[in-house]
Amino acid sequence: MPFFINTGMFDGAKSKILPMLDPEKTSESIIRAIEKERKMLAMPLPYWFIRFSQGILPLSVFDWVMRDVLGIYDTMKEFKGRG
């Protein structure tokens, strides 16, 4: 579960709290996880908080935190993608 990777596919996407991932480092981490037969890989590390919160918080609280506190739902407002 990588977050946005710094490629043309995510052009314009922005996050206040999570950095864009480097394509080479991300692909290396994914390959290592596959080789180690890991069940899950979330990148970067703070992304684990989002996945964990999604599982334990009531939906209304999770939405409030993601939308109003962390601004996650606004990350694609300036999204262009490959054009």
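Residues numbered from 1 in each chain as written. Predicted model: local features only at pLDDT ≥ 70, side-chain atom pairs only at ≥ 80, totals over all residues. Heavy atoms only, no water.

**Student:** Before we go on, may I ask you to explain the nonpolar core in this structure?
**Tutor:** Generally speaking, a soluble globular protein has its nonpolar side chains buried in company with each other. Phe3, Tyr47, Ile50 and Met66 are the most contacted members of the largest nonpolar core, which has 18 residues in total. Of all the secondary structure elements, the ones that give two or more residues to this core are helix 2 (47-56) and helix 3 (59-69). By residue number, the principal contributor to this core is helix 3, which donates three residues. Those residues in contact with Met66, other than ones at most four positions away along the chain, are Phe49, Ile50, Gly71, Ile72 and Tyr73. (Core = buried A, V, L, I, M, F, W, Y, C linked by side-chain atoms within 4.5 Å. Buried < 20%, exposed > 50% of the residue type's maximum accessible area, 1.4 Å probe, protein only. Helix = DSSP H or I, 4+ residues; strand = E, 2+ residues; numbered from the N terminus. Contact = heavy atoms within 4.5 Å.)

**Student:** I tried to follow helix 1 (residues 23-35) on my own but got confused; where do I start?
**Tutor:** Think of an α-helix as turning once every 3.6 residues; residues three or four places apart then point the same way. Its 13 residues place the ends of helix 1 18 Å apart at the C-alpha level, agreeing with the 18 Å of an ideal helix rising 1.5 Å per residue. By the burial criterion, the buried members of helix 1 are Thr26, Ser29 and Ala33. Angularly, the buried residues of helix 1 cover 65 degrees about the axis, an arc narrow enough to put them on a single face. What points out from helix 1, more than 90 degrees from its buried face, is the exposed set Ile34 and Glu35. Looking at where helix 1 begins, the residue whose side-chain oxygen comes 3.2 Å from the main-chain nitrogen of Glu24 is Asp22. Within two residues after helix 1, Glu37 carries a phi angle of roughly 55 degrees, on the positive side. (Expected span 1.5 Å × (residues − 1). Arc of directions from axis to C-beta. Polar contact = N/O pair within 3.5 Å; in protein donor to acceptor, adjacent residues only side chain to side chain.)

**Student:** What's the story with the pattern of salt bridges in this structure? I'm lost.
**Tutor:** Oppositely charged side chains are able to pair whenever their charged atoms sit close together. Taken as a whole and judged by the stated rule, the model has three salt bridges. Between Lys14 and Glu78 there is a salt bridge, with its nearest N and O atoms 3.0 Å apart. Placement of the pair is Lys14 in the segment before helix 1 and Glu78 in the segment after helix 3, with a sequence separation of 64 residues. Between Asp74 and Lys77 there is a salt bridge, with its nearest N and O atoms 3.6 Å apart. Residue Asp74 is classed as partly exposed on the basis of its relative accessible area of 35%. (Salt bridge = Lys/Arg side-chain N within 4 Å of Asp/Glu carboxyl O.)

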